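# Structural overview
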Amino acid sequence: MTPPAALLSRSLVCLSLVAAAAPGCDRPGRAAGTAPAPADASTAPASIGAAQAADGGATPAAAAEAAAPVADAAAPAALAEQIVPLRADAPLVELAVEGFPSAVVSVPIGATARRPVLIASHGNYDRPEWQCEVWRGIAGGDVFILCPRGVARSDSPSASDVRFTYESNARLEQEIDAGLAALRARFPEHVDPGPALYTGFSLGAIMGSAIAARRASLFPRLVLVEGGHDRWTAATAKAFADGGGQRVLFVCAQAGCGAAAAAAAARLEKAGVQTRVVRSKEAGHRYDGPVAEETQRALGWVTAGDMRW
């Protein structure tokens, strides 16, 4: 499908780089090869282990989560209590997050039942608004899409065009936890308390793989776009499976990504996790356009069996 004009105007060609390195993502229209090549493998720790990451490990929220019962992800929304339709001034709203910069949220305007949450983590030198716009086009307007902001880059193009990155997967995990708490506080009758669908592009995919390996009960299903595949060792794949991990979709727009994703998928399948690798036409390091179209076509496989979707 062709994304709406609003998406095309703000979509981007991205390069995955170390958070402290040169810019990794930019607006659409940049010709391929005009920026340094992606360096996904150097953006996150070389090994995150079976249960914790080298740059921070499990957060207090993760420990509490392990001891608490997880809501039934398959409970039909139709069984939820009747609630007042959700109202908002616009599809995308700013959400204040305690201890972190504000997040962007795509809200299911008019929802009269609890709706699930999709986390959309951006790439390096990217913006949460762009992720929320593209993912609203992919997943539709019937779910919450929480897009964490991260930290501003000092080399942003201008004060009116600030770009963002994430400091570490442990810090992003804390930001997501705080964002979920803020989302539930703002829309207490509309947010489903069950597991969230984690999606990440490039840097967001790399860090999401580490987070999900130790938080599989919260993120049992993943969509990893152009990144994160080399984080899946035999140990992390087993940790994800043992923690309740169910499905991982890898989406690639470059040949190198496709080969690496296939290898990661094999390790996850061996551990007992269902996987799928999809390729768009060769489109460069990006998540919009043809990549978004392939992601949308495969999303039904990711959410299959979860009646909330």
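Up top is the structure.
So, here is what we can say about the structure in this document. (Residues numbered from 1 in each chain as written. Predicted model: local features only at pLDDT ≥ 70, side-chain atom pairs only at ≥ 80, totals over all residues. Heavy atoms only, no water.)

A word on the overall build of the protein chain. Within the protein chain one finds eight helices and ten strands. Evaluated residue by residue, the protein chain yields a buried proportion of 55% over its 309 residues. Pairs at least 24 apart in sequence give 74% of the contacts found in the protein chain among residues at least 6 apart. (Helix = DSSP H or I, 4+ residues; strand = E, 2+ residues; numbered from the N terminus. Buried < 20%, exposed > 50% of the residue type's maximum accessible area, 1.4 Å probe, protein only. Contact = heavy atoms within 4.5 Å.)

With that settled, the discussion passes to unusual backbone geometry. Positive phi, normally seen in glycine, also occurs at Tyr125, with a value near 65°. Here Tyr125 is to be found in the loop between β3 (117-121) and α3 (128-139). Judged by relative accessible area, which is 5%, Tyr125 ranks as buried. Although it is not a glycine, Ser202 adopts a positive phi angle of roughly 55°. With respect to the helices, strands and loops of the structure, Ser202 is situated in the loop between β7 (197-201) and α5 (203-214).

This paragraph deals with the packing of aromatic side chains. What characterises a pair of aromatic rings is the spacing of the ring centres plus the angle enclosed by the ring planes. Counted under the stated rule, the structure contains four aromatic pairs. In this arrangement the basic side chain of Arg149 is found over the ring face of Phe164, its NZ or CZ atom lying 5.1 Å from the centre. Sitting over the face of the ring of Trp301, Arg247 holds its NZ or CZ atom 4.9 Å from the ring centroid. (Phe/Tyr/Trp six-rings, centres within 6.5 Å; stacked < 30°, edge-to-face > 60°. Lys NZ or Arg CZ within 6 Å of the ring centre and 35° of its normal.)

On to the pairing of strand β10 (residues 274-279), then. Inspection of the sheet shows strand β9 (residues 247-252) paired to β10 by six bridges, in the parallel sense. In the strand pairing of β10, Leu249 is matched with Arg276. (Pairing = 2+ DSSP bridges.)

It is worth spelling out the state of the cysteines at this point. For the structure on display, the rule yields two disulfides. Each disulfide pairs two cysteine sulfurs, and for Cys132 the partner residue is Cys147, the sulfurs being separated by 2.1 Å. Across the disulfide from Cys132 to Cys147, rotation about the S-S bond amounts to roughly 115°, and the bridge is consequently right-handed. Of this pair, Cys132 sits in helix α3 while Cys147 sits in strand β4 (residues 144-147), and the two are 15 residues apart along the sequence. Among the residues examined, Cys132 registers a relative accessible area of 0% and is labelled buried. A sulfur-sulfur separation of 2.0 Å characterises the disulfide bridge that pairs Cys252 with Cys257. Where Cys252 bonds to Cys257 through sulfur, the torsion about that S-S bond is close to -65°, and the disulfide is left-handed. For Cys252, a relative accessible area of 0% gives the class buried. For Cys257, a relative accessible area of 7% translates into the label buried. (Disulfide = S-S within 2.5 Å.)

In this section: the pattern of salt bridges. For the structure on display, the rule yields 15 salt bridges. A salt bridge links Glu173 to Arg215, with the nearest nitrogen and oxygen atoms 2.6 Å apart. Of this pair, Glu173 sits in helix α4 (residues 169-186) while Arg215 sits in the loop between α5 and β8 (221-225), placing them 42 residues apart in sequence. Overall, Arg215 belongs to the buried group, its relative accessible area being 2%. The shortest N-O distance in the salt bridge between Arg215 and Asp177 comes to 3.2 Å. Of this pair, Arg215 sits in the loop between α5 and β8 while Asp177 sits in helix α4, and the two are 38 residues apart along the sequence. By sharing partners, the salt bridges in this structure join Glu173, Asp177, Arg214 and Arg215 into a single network. (Salt bridge = Lys/Arg side-chain N within 4 Å of Asp/Glu carboxyl O.)

Right, let's talk about the pairing of β4 for a bit. Two faces belong to every sheet, and in a regular strand the side chains alternate between them. The two faces of β4 match: Phe144 and Leu146 on one face and Ile145 and Cys147 on the other face are all buried. In this structure, strand β2 (residues 100-106) lies alongside β4, joined through three bridges in antiparallel fashion. By the bridge assignment, Val104 is partnered in β4 with Cys147. Sheet analysis places β3 next to β4, joined by three bridges and oriented parallel. Its bridge partner being in β4, Val117 is matched across the sheet by Phe144. Read as a crossover between parallel neighbours, the route from β3 over α3 to β4 is right-handed. (Right-handed = clockwise from strand over helix to strand, strands pointing away.)

Closest axis-to-axis distance for the α4/α5 pair is 9 Å, and the angle between their directions is 70°. Between α4 and α5, the interaxial angle falls into the category roughly perpendicular. α4 and α5 meet at a crossing whose hand is right-handed. Contact residues: Asn169, Ala170, Leu172, Glu173 and Ile176 in α4; Met207, Ala210, Ile211 and Arg214 in α5. (Axes fitted to C-alpha atoms, helices over the stretch in contact; angles between N-to-C directions. Parallel < 35°, antiparallel > 145°, perpendicular 65-115°, else oblique. Left-handed = near helix turned anticlockwise from the far one by under 90°.)

Moving on to the packing of α3 against helix α8 (residues 289-303). In the contact formed by α3 and α8, the axes pass within 9 Å of each other and the chain directions differ by 45°. Compared by their axis directions, α3 and α8 come out oblique. Considering the relative orientation of α3 and α8, their crossing is right-handed. Packed against α3, whose contacting residues are Val134, Trp135, Gly137, Ile138 and Ala139, the element α8 presents Ala292, Thr295, Gln296 and Leu299 at the interface. For the contact of α3 with α8, the residue count by class is six nonpolar, three polar and no charged. (Nonpolar A, V, L, I, M, F, W, Y, C, P; charged D, E, K, R; others polar.)

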